[in-house]
Amino acid sequence: AFRGDYTKPYKKILYLLPSNLIPQLKTSITWARRRIHFTVPFYYFDDYSPSDRETLSKTAGDGVYVLGYGMLSGKTTEGMIHNVSPDLIIADECHTLTNRKSARTRRVMHYLKKNPYTALCLLSGTIVRKTILEYHHLISLALKNNSPVPMPWSEAQHLSIALTNPDGMIPSMEIRMS
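Residues numbered from 1 in each chain as written. Predicted model: local features only at pLDDT ≥ 70, side-chain atom pairs only at ≥ 80, totals over all residues. Heavy atoms only, no water.

K.L.:
Let's hear about the packing of helix 2 (residues 50-59) against helix 3 (residues 77-84): which residues, and what values?
P.N.:
Two elements in contact, helix 2 and helix 3, have axes separated by 7 Å at closest approach and are oriented at 25°. Looking at the two axes, helix 2 sits roughly parallel to helix 3. Crossing angle aside, the handedness with which helix 2 passes helix 3 is left-handed. Between helix 2 and helix 3, the residues in contact are Arg-53, Glu-54, Ser-57 and Lys-58 and Met-80, Asn-83 and Val-84, respectively. Its residues assigned to classes, the contact of helix 2 with helix 3 shows two nonpolar, two polar and three charged. (Axes fitted to C-alpha atoms, helices over the stretch in contact; angles between N-to-C directions. Helix = DSSP H or I, 4+ residues; strand = E, 2+ residues; numbered from the N terminus. Parallel < 35°, antiparallel > 145°, perpendicular 65-115°, else oblique. Left-handed = near helix turned anticlockwise from the far one by under 90°. Contact = heavy atoms within 4.5 Å. Nonpolar A, V, L, I, M, F, W, Y, C, P; charged D, E, K, R; others polar.)

Structure (structure tokens):
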């Protein structure tokens, strides 16, 4: 994504992942740099003190900014995301962002809603636990008009009811007569 081999190039990328996976990512990046031409700069917010994180977000150049989901709970993190001003947000283990009311999800959603041209890449092996409503906000922002679920929340809610009903149809109590 940074070089633009298969997409347009994204020069500022925010990579979100569980904080406990950051050491593994660092090891993998080091391994890759020894074996292939992989020169993308990486900036790990967890390598900096809280006061230096804000400075990093304002001054560092193009590259991949790695932010653990745990840091998204901090009040200053939304400002850091806006300072970085990423062209692409990669949310690894994105099921972490399914709770629309959590502070971490709201901080990411605020940025994406204020910056609608920011691309969003969602990665997860366990994205759906219950219904499509869990990830409606994410898939709508990631795929926009290409979303396989209805964009209006109310329509997605009706589809979700239909899909979760064991009979495969909307229960008669849920149908409104028009």
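Having seen the structure, we can now continue with the description.
K.L.:
Explain unusual backbone geometry residue by residue, including any values.
P.N.:
Even without being glycine, Ser-85 reaches a positive phi, approximately 55°. Looking at the element boundaries, Ser-85 is found in the loop between helix 3 and strand 4 (88-92).

K.L.:
Break down the nonpolar core for me, with residues and values.
P.N.:
Within the largest apolar cluster, 29 residues are counted, with the highest numbers of intra-cluster contacts made by Leu-16, Phe-45, Tyr-65 and Leu-67. Within the residue set of this core, elements represented by two or more residues are strand 1 (12-17), strand 3 (63-68), helix 3, strand 4, helix 4 (103-114) and helix 5 (136-143). Listed in part, the 16 residues of the second largest apolar core include Ile-13, Tyr-15, Ile-29 and Tyr-44. (Core = buried A, V, L, I, M, F, W, Y, C linked by side-chain atoms within 4.5 Å. Buried < 20%, exposed > 50% of the residue type's maximum accessible area, 1.4 Å probe, protein only.)

K.L.:
Give a description of the side chain of Thr-105 that names residues and reports values.
P.N.:
Position of Thr-105 relative to the elements: it lies in helix 4. For Thr-105, a relative accessible area of 0% puts it in the buried group.

K.L.:
With reference to specific residues and values, describe the pattern of salt bridges.
P.N.:
According to the stated counting rule, one finds four salt bridges in the structure shown. In this structure, the salt-bridge partner of Asp-46 is Lys-26, at a minimum N-O distance of 3.7 Å. One end of the pair, Asp-46, is in the loop between strand 2 (42-44) and helix 2; the other, Lys-26, is in helix 1 (residues 22-35), with 20 residues separating them in the sequence. Here Glu-54 ties to Lys-58 by a salt bridge, and the two come within 3.6 Å at their closest N and O atoms. Placement of the pair is Glu-54 and Lys-58 together in helix 2, with a separation of four residues, close to one helical turn. For Glu-54, a relative accessible area of 30% gives the class partly exposed. Here the salt bridges share partners, and the residues they tie into one network are Lys-26, Asp-46 and Asp-47. (Salt bridge = Lys/Arg side-chain N within 4 Å of Asp/Glu carboxyl O.)

K.L.:
Break down the packing of helix 4 against helix 5 for me, citing the residues and quoting the values.
P.N.:
Helix 5 packs onto helix 4 with a crossing angle of 25° between their chain directions and a minimal axis gap of 12 Å. The angle between helix 4 and helix 5 places the two elements in the roughly parallel class. As helix 4 packs across helix 5, the resulting crossing turns out to be left-handed. Residues Thr-105, Met-109 and Leu-112 of helix 4 pack against His-137, Leu-138 and Leu-141 of helix 5. Along the lines of polarity and charge, the residues of the contact of helix 4 with helix 5 split into four nonpolar, two polar and no charged.

K.L.:
I'd like to hear about the state of the cysteines, residue by residue, with values.
P.N.:
Enumeration over the complete set of coordinates arrives at zero disulfides. Free of any disulfide, Cys-94 has its nearest neighbouring cysteine sulfur in Cys-121, separated by 8.8 Å. The class of Cys-121 is partly exposed, set by a relative accessible area of 29%. (Disulfide = S-S within 2.5 Å.)

K.L.:
Before we move on, can you summarise the packing of aromatic side chains with the specific residues and values?
P.N.:
With the rule as written, the count across this model stands at four aromatic pairs. On the numbers, 6.0 Å between centres and 45° between planes, the contact of Phe-38 with Phe-42 is tilted. In this structure Phe-38 comes out as partly exposed when scored by relative accessible area, which is 22%. According to the relative accessible area criterion, Phe-42 is buried, its value standing at 18%. Counting every residue linked through ring pairs, the aromatic cluster contains Phe-38, Phe-42 and Tyr-44. A cation over an aromatic ring shows up here: Lys-26 above the ring of Tyr-44, its NZ or CZ 5.0 Å from the ring centre. (Phe/Tyr/Trp six-rings, centres within 6.5 Å; stacked < 30°, edge-to-face > 60°. Lys NZ or Arg CZ within 6 Å of the ring centre and 35° of its normal.)

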